[in-house]
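# Per-entry structural report
These are the residues of each chain, in order.
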Amino acid sequence: HKDLIDVTALKEADVMYLLDNAEQFYELNTRPIKKVPTLRGKSVIMFFVEPSTRTKTSFDVAGKRLSADTFSLAKSGSSISKGESLKDTALTLEAMTPDAIVIRHSASGAAQFLAERLDCSVINAGDGWHAHPTQALLDCFCLRRYFKSDFTDKKVLILGDIAHSRVARSNIHLLTMLGVKIKVCAPSTLLPRGIEEWGVEVFTDLDKASKDVDAIMCLRLQLERQQAGLLPDLNEYSKRYCLTQKHLENSGNIVKVLHPGPINRGLEISSELADSPESLILEQVAAGVATRMSILFALLTRNEKV
Ligand code: CP
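Residues numbered from 1 in each chain as written. Predicted model: local features only at pLDDT ≥ 70, side-chain atom pairs only at ≥ 80, totals over all residues.

## Side note on the overall build of the protein
For clarity, the threshold we go by: Strands are runs of DSSP state E lasting at least two residues, helices are runs of H or I lasting at least four, and both sets are numbered from the N terminus onward. A radius of gyration in this sense is built from C-alpha atoms; the matching globule rule multiplies 2.2 Å by the number of residues raised to 0.38. The exposure label follows from counting other C-beta atoms within 10 Å of a residue's C-beta, where the C-beta atoms are placed from the backbone and the thresholds are 20 or more for buried and 12 or fewer for exposed, leaving partly exposed in between. By definition, residue pairs are in contact when their C-beta atoms, positioned from the backbone, come within 7 Å.
Scanning the protein from N- to C-terminus turns up 11 helices and 9 strands. For the protein, the C-alpha radius of gyration of 19 Å lies close to 19 Å, the compact-globule estimate for 306 residues. Taken over the C-alpha atoms alone, the protein extends approximately 55 × 45 × 35 Å along its principal axes. Counting over 306 residues, the protein shows a buried share of 44%. Across the protein, every contact between residues at least 6 apart in sequence was considered, and the portion connecting residues at least 24 apart equals 74%.

## Here's the deal with helix α3 (residues 86-94)
Stated precisely, the cut-off is as follows: Summarising the geometry, the arc corresponds to the directions from the helix axis toward the C-beta atoms.
Thr-89, Ala-90 and Leu-93 are the residues of α3 that are buried. Buried residues of α3 fall within an arc of 95° about the axis and therefore sit on the same side. Of the exposed residues in α3, the ones pointing more than 90 degrees away from its buried face are Lys-87 and Asp-88. Turning to α3, the residues buried within the fold contact β1 (43-48), β2 (69-74), β3 (100-105) and α4 (110-115).

## A closer look at the site of the ligand
We apply this condition: We call a residue near a molecule or strand when its C-beta atom, built from the backbone, sits within 6 Å of it. Residues were grouped as follows: Ala, Val, Leu, Ile, Met, Phe, Trp, Tyr, Cys and Pro as nonpolar; Asp, Glu, Lys and Arg as charged; and all remaining residues, including Gly, as polar. Domain start and end points were adopted from an automatic or database domain assignment.
All residues in the neighbourhood of the ligand are listed as Ser-52, Thr-53, Arg-54, Thr-55, Gly-126, Gln-135, Pro-260, Gly-261 and Pro-262. Along the lines of polarity and charge, the residues of the shell around the ligand split into 2 nonpolar, 6 polar and 1 charged. Mapped onto the domain boundaries, the shell around the ligand takes at least three residues apiece from domain 1 (7-132 + 286-300) and domain 2 (133-284).

## Here we look at the packing of helix α5 (residues 133-146) against helix α6 (residues 166-177)
For any two helices packed against each other, one specifies the inter-axial angle together with the distance between the axes. The following threshold applies: For every element, the axis is a line fit to its C-alpha atoms; helices are fit only across the contacting stretch, and the angle between N-to-C directions ranges from 0 to 180 degrees. In this scheme, roughly parallel covers angles under 35 degrees and roughly antiparallel covers those over 145, while 65 to 115 is roughly perpendicular and the rest are oblique. Note: crossing handedness is left-handed where the near helix turns anticlockwise from the far helix by less than a right angle, and right-handed where it turns clockwise.
Contact geometry of α5 with α6 gives a least axis separation of 8 Å together with a crossing angle of 50°. On the basis of their axis angle, the class for α5 and α6 is oblique. Once α5 is placed against α6, the crossing between them reads as right-handed. Every residue of α6 that contacts α5 at Pro-133, Gln-135, Ala-136, Asp-139 and Cys-140 is listed here: Val-167, Ser-170, Asn-171, Leu-174 and Leu-175.

## Considering the UniProt feature "binding site: L-aspartate" (unreviewed entry) in the protein
For clarity, the cut-off: UniProt positions are given in the numbering used here, feature names are shortened, and annotations may be inferred rather than shown by experiment.
In the numbering adopted here, UniProt assigns the feature "binding site: L-aspartate" (unreviewed entry) to Lys-82, Arg-166 and Arg-220. In summary, the annotated positions, distributed over 139 residues, remain apart in three dimensions as well, the widest C-alpha pair reaching 30.8 Å. Note on placement: Lys-82 falls in the loop between β2 and α3. Judged by the 6 C-beta atoms lying within 10 Å of it, Lys-82 falls in the exposed class. Assignment of secondary structure puts Arg-166 in helix α6. Those residues in contact with Arg-166 that lie beyond four places of it in its chain are Gly-126, Asp-127, Gly-128, Trp-129, His-130, Ala-131 and His-132.

Next up, the structure:
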């Protein structure tokens, strides 16, 4: 592959290749000296039109750990704020001959638009509601470790703002491909139209949804993407959908909890649970560096014998 735009383009063997390499990079990241020369001479531009802490920083760290040169362009301070188009900005960046551009954009399809027009690799770091493939891969990395590499008969509940979540869409596709059964739970206003056809079990009651699951993935309530008039009452939302220790006890299994971040404590997940041993939230961040190292390695060495 030249690009990583959506997990739908990956086969199971591609996913396993990326996760196996990520395991090696994860181990490397625990050593005192973490830097290797693998991508020396390569360069990566991070082009983030929407805000990010985890994805942007972890791609930067990932590139540097592999000795690639990394550069960043954000919306503020760039000529996007003077009205330069996405295409012209991307062509300008490509004229600086990077090997990859990592893009985050509010428009679904922005990464695909660039991949079709640029010769360098394009990596989707989140496009609108559409896809967040590197987040799904790192979530899969964490779950694979927790499930001891066996996804058979595992059940994962995805909880919260499914309608506006690119993380949910990418995770549902990827985890279903690996054999995981997916439940989703949200108020009906935060469930996308046609979700019954996605091959998932749909709930609006968290007590029912949280029974008999192996992991629960909470989602951020995407307040910036809510349609006018459909913003849930936050007090009511937290009473019905904020995940607490009580829901884990209700499950009847040993349950781990994930959240892609940033978290709204007390709204999507209780503060106590976010900081508990059941939480994989910071583990997801560590996995993010290793997984993004694996993705950069795979794309930037695709034409080389290494
Ligand atoms: N999970 C995630 O994409 O976080 P950031 O928005 O901080 O990158």
